[in-house]
Amino acid sequence: METTLGEQIMLLSLDDTTGAPHLQAQSEYMISSASVLELALAARVRMDGDHLVATDPTPLGIPVLDDTLKRIAGQDKREDAQAWIFRLKKEAVEGARQGLLDKGVIREERARRWGIFPTNRYPEADGTVEQEVRRKLTAAVLEGQEPDARTAALLVLLHSGGLHKLVFAEADQAAVEKRMAELTEGHWAEPAMKQLVDSVFVALTAHSASTAVGVTNTGI
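Residues numbered from 1 in each chain as written. Predicted model: local features only at pLDDT ≥ 70, side-chain atom pairs only at ≥ 80, totals over all residues. Heavy atoms only, no water.

Let us look at the pattern of salt bridges. Considering all chains together, one arrives at twelve salt bridges under this definition. For Glu109, the salt bridge is made with Arg107, and the minimal N-O distance between the two is 3.1 Å. For Glu109, a relative accessible area of 33% translates into the label partly exposed. (Salt bridge = Lys/Arg side-chain N within 4 Å of Asp/Glu carboxyl O. Buried < 20%, exposed > 50% of the residue type's maximum accessible area, 1.4 Å probe, protein only.)

Per-residue confidence for the chain averages 88 on the pLDDT scale, and 92% of its residues sit at or above 70. When the criterion is pLDDT under 50, residues 213-220 qualifies, and its contacts beyond four places in sequence or with other chains add up to 27 contacts. (pLDDT = per-residue confidence, 0-100. Contact = heavy atoms within 4.5 Å.)

Glancing now at the packing of helix H1 (residues 5-13) against helix H2 (residues 24-41). Contact geometry of H1 with H2 gives a least axis separation of 7 Å together with a crossing angle of 155 degrees. What the angle tells us is that H1 and H2 run roughly antiparallel. The two elements H1 and H2 cross, and the hand of that crossing is right-handed. Taken together, the residues of H2 that come into contact with H1 (itself represented by Leu5, Gly6, Ile9, Met10 and Ser13) are Ser27, Met30, Ile31, Ala34, Glu38 and Leu41. Considering only residue class, the contact of H1 with H2 consists of seven nonpolar, three polar and one charged. (Axes fitted to C-alpha atoms, helices over the stretch in contact; angles between N-to-C directions. Helix = DSSP H or I, 4+ residues; strand = E, 2+ residues; numbered from the N terminus. Parallel < 35°, antiparallel > 145°, perpendicular 65-115°, else oblique. Left-handed = near helix turned anticlockwise from the far one by under 90°. Nonpolar A, V, L, I, M, F, W, Y, C, P; charged D, E, K, R; others polar.)

Okay, the environment of Glu146 next. Looking at where Glu146 falls in the secondary structure, it is placed in the loop between helix H6 (127-141) and helix H7 (149-161). With a relative accessible area of 59%, Glu146 lands in the exposed category. For the pair Glu146 and Ala34, spaced 112 residues apart in sequence, the C-alpha to C-alpha distance is 20 Å.

Bridge analysis of strand S1 (residues 45-48) against strand S2 (residues 51-54) gives four bridges, and the strand direction is antiparallel. Paired with Met47 across the strands is Leu52, a residue of S2. Hairpin remark: S1 followed by S2, antiparallel, with two residues in the connecting loop; positive phi at Gly49, about 65 degrees. (Pairing = 2+ DSSP bridges.)

The next thing to look at is unusual backbone geometry. Residues other than glycine seldom take positive phi values, yet Leu23 does so here, at roughly 45 degrees. Within the secondary structure layout, Leu23 lies in the loop between H1 and H2. Positive phi, normally seen in glycine, also occurs at Ala43, with a value near 60 degrees. Structurally, Ala43 is set in the loop between H2 and S1.

This brings us to the packing of aromatic side chains. Applying the stated criterion to the full structure yields one aromatic pair. Here the basic side chain of Arg87 rests over the ring of Trp84, its NZ or CZ set 4.8 Å away from the ring centre. (Phe/Tyr/Trp six-rings, centres within 6.5 Å; stacked < 30°, edge-to-face > 60°. Lys NZ or Arg CZ within 6 Å of the ring centre and 35° of its normal.)

Written out as structure tokens, the structure is:
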């Protein structure tokens, strides 16, 4: 089953059983960043100097990505990738969640936090999708295989947002950190794509440093 990078990040950030999110603030910005990288991988957007611009307005057939592309293509003034990452966050998170619900990968459960405040949780309904994502990540990070472009982009997002510490919680963290840094720096031969990856990395690491106050937060 095909999933977007944003959907994969959401899956990795949700507790499989309870549906509660880990590192919620970081994950939301990672999902937003994923939309930008996904469009770049599809040759729909690129960096022009310091600005993110649309190069091909042709829809991909994925509602959340098509809406993002339309907004970037219709911008009144040119802005950098970081500005778009902040602006697109709410729609990107909602789109990733709805995509997983539509595909039957997660299900929605209503609960009350502390028995008082109503909240939604999204436990896993089909574990095979996340298992395949984790298989590719494990092959690249722990087994030394060269990742494809989309897996490499996911690794950039996980590394810069800090979610790799949860994904590889039982692995040697120093080795994981070294390998992910190598992949983040060395995978991107095309200069414009490397520039965009670097912009995303800077935006996410800055946000992660300012918001990382715990491992678990409340509801995506």
